[in-house]
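One letter stands for each residue in the lines below.
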Amino acid sequence: MWAVARSGSPVGVVRNEVGIVTHPGGCRNAATVFTRSCPGADDTAIGRAVGAEAACAIAALRAGASTA
């Protein structure tokens, strides 16, 4: 599996993360996660949560489930 991601945000308030995952065989999924946090929040914990949510959404898409 191969992934590429981009982050953009006003410092300390909003994090907008987008990534594209390419799976063996060429199937691609895109994931976008939007978060809000307080200034001084734990950026490492937020990054882990974003990654976990994106992985969960892509797993559901690959399994044919709705993520809505």
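This structure is a prediction, so every number in the text was calculated from the model and none was measured.

*Asks:* So what's going on with the overall build of the protein chain? Which residues, and what values?
*Replies:* A count of helical and extended segments in the protein chain gives 1 helix and 3 strands. The helix and strand sequence of the protein chain, counted from the amino end, reads β-β-β-α. Residues classed as buried in the protein chain amount to 22% of the 68 residues present. Counting only contacts in the protein chain whose residues sit at least 6 apart along the sequence, the fraction spanning at least 24 positions is 22%.

*Asks:* Could you give me a rundown of helix α1 (residues 43-63), with the residues and numbers involved?
*Replies:* In this model, α1 (21 residues) spans 30 Å end to end at C-alpha, consistent with the 30 Å of a helix rising 1.5 Å per residue. Looking at the packing, one finds that the buried side of α1 touches β2 (14-22) and β3 (28-36). For α1, the side-chain oxygen to backbone nitrogen distance between the N-cap and T44 is 3.1 Å, and the N-cap itself is D42. Where α1 terminates, the next one or two residues include G64, which has phi positive at roughly 90°.

*Asks:* Tell me about the pairing of β3, residues and numbers included.
*Replies:* Here β3 shows a buried face lined by N29, A31, V33 and T35 and an unburied face lined by R28, A30, T32, F34 and R36. As paired elements, β2 and β3 share 9 bridges and run antiparallel to each other. Looking at β3, one finds that V21 is bridged to N29.

*Asks:* Tell me about the side chain of N29, and please be specific about residues and values.
*Replies:* By the secondary structure assignment, N29 is in strand β3. Look at N29 and you get buried, because its relative accessible area is 12%. Not counting residues up to four positions away in its chain, the partners in contact with N29 are G19, I20, V21, H23, I58, L61 and R62.

Conventions we followed
- Residues numbered from 1 in each chain as written.
- Predicted model: local features only at pLDDT ≥ 70, side-chain atom pairs only at ≥ 80, totals over all residues.
- Heavy atoms only, no water.
- Helix = DSSP H or I, 4+ residues; strand = E, 2+ residues; numbered from the N terminus.
- Buried < 20%, exposed > 50% of the residue type's maximum accessible area, 1.4 Å probe, protein only.
- Contact = heavy atoms within 4.5 Å.
- Expected span 1.5 Å × (residues − 1).
- Polar contact = N/O pair within 3.5 Å; in protein donor to acceptor, adjacent residues only side chain to side chain.
- Pairing = 2+ DSSP bridges.

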